[in-house]
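An overview of the molecular structure
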Amino acid sequence: MAAAPLSPLGPLPGADPLSGLDPLSVHRPLPGLRERKKLKTRTAIRRAAYRLISEQGYDATTVEQIAEAAEVSPSTVSRYFPAKEDIVLTDEYDLVMEEALRRRPPGEDPLESLRSVITRAVAAHLEHEPERSRERARLMVEVPAVRARMTETMAGTSRSLSRVLAARTGRGADDLEVRVFTAAVMGALREALIYWAERDQRDDLVALVHRTLDALRGGPVL
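Please read all numbers here as calculations on a predicted model, not as lab measurements. (Residues numbered from 1 in each chain as written. Predicted model: local features only at pLDDT ≥ 70, side-chain atom pairs only at ≥ 80, totals over all residues. Heavy atoms only, no water.)

1. A word on the packing of helix 7 (residues 130-142) against helix 9 (residues 176-198)
- Look at helix 7 against helix 9: their axes get within 9 Å of each other, and the N-to-C directions meet at 95°. Classified by the angle between their axes, helix 7 and helix 9 sit roughly perpendicular to one another. Contacts between helix 7 and helix 9 involve Ser133, Arg134, Ala137 and Val141 from the former and Ile194, Trp196, Ala197 and Glu198 from the latter.
- Its residues assigned to classes, the contact of helix 7 with helix 9 comprises five nonpolar, one polar and two charged. (Axes fitted to C-alpha atoms, helices over the stretch in contact; angles between N-to-C directions. Helix = DSSP H or I, 4+ residues; strand = E, 2+ residues; numbered from the N terminus. Parallel < 35°, antiparallel > 145°, perpendicular 65-115°, else oblique. Contact = heavy atoms within 4.5 Å. Nonpolar A, V, L, I, M, F, W, Y, C, P; charged D, E, K, R; others polar.)

2. With respect to the side chain of Thr182
- With respect to the element layout, Thr182 can be found in helix 9.
- Residue Thr182 is classed as buried on the basis of its relative accessible area of 1%.
- With residues up to four places along the chain from it excluded, the contact list for Thr182 reads Ser158, Leu161, Ser162 and Leu165. (Buried < 20%, exposed > 50% of the residue type's maximum accessible area, 1.4 Å probe, protein only.)

3. Quick look at the environment of Asp174
- Positionally, Asp174 belongs in the loop between helix 8 (144-168) and helix 9.
- Within the local environment of Asp174, its side chain forms a polar contact with the side chain of Arg179, the two groups lying 2.9 Å apart. (Polar contact = N/O pair within 3.5 Å; in protein donor to acceptor, adjacent residues only side chain to side chain.)

4. Here we look at helix 1 (residues 33-56)
- Compared with an ideal rise of 1.5 Å per residue, which puts 24 residues at 34 Å, helix 1 spans 35 Å between its outermost C-alpha atoms and is within 8% of the ideal.
- Buried residues of helix 1: Leu39, Arg42, Thr43, Ile45, Arg46, Ala48, Ala49, Tyr50, Leu52 and Ile53, and no others.
- On its buried side, helix 1 packs onto helix 2 (63-70), helix 3 (74-80), helix 4 (84-89) and helix 7.
- Looking at the residues trailing helix 1, positive phi occurs at Gly57, about 95°. (Expected span 1.5 Å × (residues − 1).)

5. Notes on the environment of Leu39
- Take Leu39: it is sitting in helix 1.
- In the structure, Leu39 is positioned 41 residues away from Tyr80 in sequence and 9.8 Å away in space, judged by C-alpha atoms.

6. Observations regarding helix 7
- For helix 7, built from 13 residues, the straight-helix expectation of 18 Å at 1.5 Å per residue is met to within 8% by its first-to-last C-alpha distance of 18 Å.
- Every buried residue belonging to helix 7 is among Arg132, Ser133, Glu135, Arg136, Ala137, Leu139 and Met140, and all of these are buried.
- Contacts from the buried residues of helix 7 go to helix 1, helix 4, helix 6 (110-128), helix 8 and helix 9.

7. Some thoughts on the packing of aromatic side chains
- Applying the stated criterion across every chain yields a total of zero aromatic pairs.
- The cationic tip of Lys84 hangs over the ring face of Tyr58; the distance from NZ or CZ to the ring centre is 4.1 Å. (Phe/Tyr/Trp six-rings, centres within 6.5 Å; stacked < 30°, edge-to-face > 60°. Lys NZ or Arg CZ within 6 Å of the ring centre and 35° of its normal.)

In C-alpha cells:
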C-alpha cells in the first residue's frame with residue numbers, strides 16, 4: 001500500500017494521502033519530500049476532477065477546468081496524467097500490488113497468488129474510496145474513451161504483474177505463457193468490473209471477482 005507507511009490507494013477522501021494503514025500489508029518507507037509533493041499534486045488533481053465530473057459530467061469537464069480547480073497549470077495536469085481518462089483510472093496501486101505478489105508464499109498456485117492480491121486491492125478500494133470506486137465504474141460503462149483507456153492501463157498492470165509471476169515460477173521475464181496467463185486474469189477482472197457496473201453495482205464486487213477467477217480454474221494454467 002515504517003511508522004507512517006504510504007497507502008497504495010492514492011488520495012483518500014478527507015485525509016492526508018500519505019497517512020493510514022496499508023490494506024495490502026506491504027510496508028514501504030515514507031517517501032522523500034519530492035515524492036510527497038508529487039503525490040499531493042496527483043491527489044489534488046484527482047479530487048478536482050472527480051468533483052467537476054460529478055457536477056457537470058465527464059465530457060463537459062476539461063483539463064483546463066481541472067487545473068484551475070486544483071490550482072495547478074494545465075501542463076502540470078498533463079505531465080502527471082497524459083490523458084484525461086488517466087485521472088479517473090490510475091492510482092498508486094500497481095507498485096504495491098507487485099510487491100504484494102512478490103511476498104506471496106513460495107510455491108503457491110499462481111492463480112491463487114493473483115487472487116489474493118487482486119481481491120485485497122479491490123476490497124481496499126471499496127473500503128477507502130467507495131464513492132470514487134463507484135463513479136469510476138459508472139464512467140467505465142458510460143464513457144467509451146474511459147473504457148478504452150481502461151483496457152490500456154490494465155494491459156500495463158498485466159505486464160508488470162507477469163514479470164513478477166515469471167520470476168516466482170522460474171520463467172523468463174517475457175515468457176509468453178506467463179503473459180497469456182496474467183492477461184487472462186486481468187481480462188477477467190475487467191469483465192467483472194464492467195458486469196458489476198452494468199448491474200448498477202448491486203452485487204458484492206469482491207465476491208464477483210472470486211467467482212470470475214473461479215471460472216478460470218481449469219482454463220489457462222501455468
